[in-house]
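Take a look at the letters that make up each chain.
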Protein chains: 2
Amino acid sequence: MSKKISIEKKVLSENDKLAMEIREKLTKYRIPALNFVSSPGSGKTSLLEKTLQALSEEMTIGMVAGDVQTENDANRLVNAGGQYIKPIVTGGSCHLDARMVSKVLPEIDLSKLDLFIIENVGNLVCPSGYDLGEDMKVVLVSVTEGDDKPLKYPGMFRRSSVMVINKIDMLQLCDFDMEMVRRNALQINGELKIFEMSCRTGEGLDIWFNWLKSLVTAKKGQLLNA
Amino acid sequence: MSKKISIEKKVLSENDKLAMEIREKLTKYRIPALNFVSSPGSGKTSLLEKTLQALSEEMTIGMVAGDVQTENDANRLVNAGGQYIKPIVTGGSCHLDARMVSKVLPEIDLSKLDLFIIENVGNLVCPSGYDLGEDMKVVLVSVTEGDDKPLKYPGMFRRSSVMVINKIDMLQLCDFDMEMVRRNALQINGELKIFEMSCRTGEGLDIWFNWLKSLVTAKKGQLLNA
């Protein structure tokens, strides 16, 4: 048992070292970095498609799309206008780690980017433990999944800075209590910034786009003033 | 790397040994055993609630409900009429293993059961690798998650015997192609038995209940004739 723990610690510390290297590279180029995490099918790729379609004229977004199998998500992001998209097929692994991201990062010209987004494997447990060099994790939950998810998967909500509540156009068909999910999430992590949206109808997306723009502006200013 | 692999093999072989012991116990009492797996929020607990409500008069169903945190699911199953329900809180682990099930099994009087169901942690990746002594894995996918899930998470669909397509009442609000998901799933595993249902409206549930009844009858007959 102790051997298992020490090996786990070693793996994590190697991961943290690589994550720090990624963070340093992105910081050098003043690029905010987000790590998108959620259950399978919560709408990570849909939100990234909408984001590319809406913002590609005013900013350049690099993305890494992780999946256990297939490059479908990366292909969808390219079709949505993404110019700097790289797939990672984990081939079985339930999360991305910093080594996988490090490996594809040199294939993206960071000097061209204003924003960098990692789409993690769909899994509400395992990706929470892996720093990928991001500034913050963005956890998505769709109203069809139920309002109890923050309490049942607390690690992910504790380690995220932003919660996106997606598919609000389906609210009337679900036993989903918006106040309850907010209360449950803030009970786990009082610092969470919360967005409500529907990628299908577009409701709430403008607020999200504006927030992304402010992130980019802030990172540029923050470093110019440093 | 080789050390990591050998430890992983050892953990799995210990798991397989315990799973075999569970299987032997359940077989001795002629109890079919199902291991429910899916993404968080696909409707595992809802389907089990409906199953308990519909079948409790004619059969006794024991259930183990696993979650990373909270005993909410087990409480819901008790409220739905379940008499032999045990929670397992993994406290962070992303899947149930045979040791966890072994530990709670003595608390259930197997001589009273006609059917045994394990509700795994919501995770479409990690639980696929762990035999819990079940006769078959039942993988749920809800139409809100998208029809690409079998291709993106092939391990789970390969190791399952049954696929339940849930939330079909929401079909009109989703870009979900029923033929596509069937084709994708059968491409991964041509032996999959497929059910379509809505736990919310009740559509398709009768076929599911009848199948469960036939499972119980078959297991009794199979062993009486053995």
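What you see is a predicted model; the values in this text were computed from it and never measured.

The rules behind these values
Residues numbered from 1 in each chain as written. Chains lettered and ligands numbered in written order. Predicted model: local features only at pLDDT ≥ 70, side-chain atom pairs only at ≥ 80, totals over all residues. Heavy atoms only, no water. Helix = DSSP H or I, 4+ residues; strand = E, 2+ residues; numbered from the N terminus. Polar contact = N/O pair within 3.5 Å; in protein donor to acceptor, adjacent residues only side chain to side chain. Contact = heavy atoms within 4.5 Å. Buried area = accessible area lost by both parts, 1.4 Å probe. Salt bridge = Lys/Arg side-chain N within 4 Å of Asp/Glu carboxyl O. Least-squares fit on C-alpha atoms with pLDDT ≥ 70 in both. Pairing = 2+ DSSP bridges. Axes fitted to C-alpha atoms, helices over the stretch in contact; angles between N-to-C directions. Buried < 20%, exposed > 50% of the residue type's maximum accessible area, 1.4 Å probe, protein only. Arc of directions from axis to C-beta. Phe/Tyr/Trp six-rings, centres within 6.5 Å; stacked < 30°, edge-to-face > 60°. Parallel < 35°, antiparallel > 145°, perpendicular 65-115°, else oblique. Left-handed = near helix turned anticlockwise from the far one by under 90°. Nonpolar A, V, L, I, M, F, W, Y, C, P; charged D, E, K, R; others polar.

A. Highlighting the side chain of D147(A). Residues and elements named next belong to chain A. Within the fold, D147 resides in the loop between β5 (136–142) and α5 (149–152). Within the structure, the side chain of D147 is placed 2.8 Å from the backbone nitrogen of D177, a separation counted as a polar contact. Beyond its immediate stretch of four places on either side in the chain, D147 contacts D175, F176, D177, M180, V181 and N184.

B. Here's a closer look at the interface of chain A and chain B. Of the residues lining the interface, 33 residues belong to chain A; the matching set on chain B comes to 33 residues. Here chain A packs against chain B, burying approximately 2,700 Å² in sum over the two surfaces, 61% of which is carbon and sulfur. Sorting the residues of chain A by area buried against chain B places P40(A), K152(A) and L173(A) first, and these three jointly supply 24% of that buried surface. Between chain A and chain B we count 4 salt bridges in total.

C. Geometry of the relation of the copies chain A and chain B. Least-squares fitting of chain A to chain B yields an RMSD of 0.0 Å, with the transformation described by 0.0 Å of translation along the axis and a rotation of 180°. The transformation just described matches what one would write down for a two-fold rotation axis. Taken as a fraction of all interface residues of chain A, those also at the interface in chain B reach 100%, which identifies the copy contact as same-surface.

D. Region of the structure containing the sheet that holds strand β4 (residues 115–119) of chain A. All names here are of chain A. With parallel pairing, 7 strands are arranged side by side in an open sheet as β3-β2-β4-β1-β5-β6-β7. Strands with a single pairing partner mark the edges of an open sheet, and in this sheet they are β3 (84–89) and β7 (193–196). For this sheet, the mean angle separating the axes of adjacent strands, direction not counted, is 20°. Bridge count between strand β2 (residues 61–67) and β4: 5 bridges; the pairing is parallel. Looking at β4, one finds that V64 is bridged to I118. Docked against the sheet, helix α2 (residues 44–55) engages β1 (33–37), β2, β3, β4, β5 and β6 (162–166), running at close to 165° with respect to β2.

E. Structural context of the environment of V78(B). Relative to the elements of secondary structure, V78(B) occurs in helix α3 (residues 72–79). Put simply, V78(B) and E49(B) are 29 residues apart on the chain and 8.7 Å apart in space, counted from C-alpha to C-alpha.

F. Region of the structure containing helix α3 (residues 72–79) of chain A. Those residues of α3(A) not exposed but buried are D73(A), A74(A) and L77(A). Seen from one end, α3(A) has its buried residues packed into an arc of 100°, which puts them on one side. Against α2, β2, β3 and β4 of chain A together with α5 (149–152) of chain B lie the buried residues of α3(A).

G. Quick peek at the packing of aromatic side chains. All names here are of chain A. Scanning the model with the defined rule gives 8 aromatic pairs over all chains in all. Ring geometry for F36 against W208: centres 5.9 Å apart, planes inclined by 75°, an arrangement best described as edge-to-face. In this pair, F36 is assigned in strand β1 and W208 in helix α8 (residues 205–224), connecting sequence segments 172 residues apart. Of the two residues, F36 and W208, neither departs from the other in class, the shared state being buried. Look at F195 and W211: their rings are 5.3 Å apart centre to centre, the planes differ by 55°, and that puts the pair in the tilted class.

H. Representation of the sheet that holds strand β2 (residues 61–67) of chain B in the model. Residues and elements named next belong to chain B. If you trace the 7 strands from one edge of the open sheet to the other, you get β3-β2-β4-β1-β5-β6-β7, paired in parallel fashion. In this open sheet, the two edge strands, each paired with only one partner strand, are β3 (84–89) and β7 (193–196). Pairs of neighbouring strands in the sheet enclose a mean axial angle of 20°, with direction left out of account. Pairing geometry for strand β1 (residues 33–37) and strand β5 (residues 136–142), over 4 bridges, is parallel.

I. Expanded view of the packing of helix α2 (residues 44–55) of chain B against α3(B). All names here are of chain B. Running from amino to carboxyl end, α2 crosses α3 at an angle of 20°, the nearest separation of the two axes being 9 Å. When the axis of α2 is compared with that of α3, the two are roughly parallel. Between α2 and α3 lies a crossing whose hand is right-handed. Between α2 and α3, the residues in contact are T45, S46, L48, E49 and L52 and D73, R76 and L77, respectively. Within the contact of α2 with α3, the residues separate by chemical class into 3 nonpolar, 2 polar and 3 charged.

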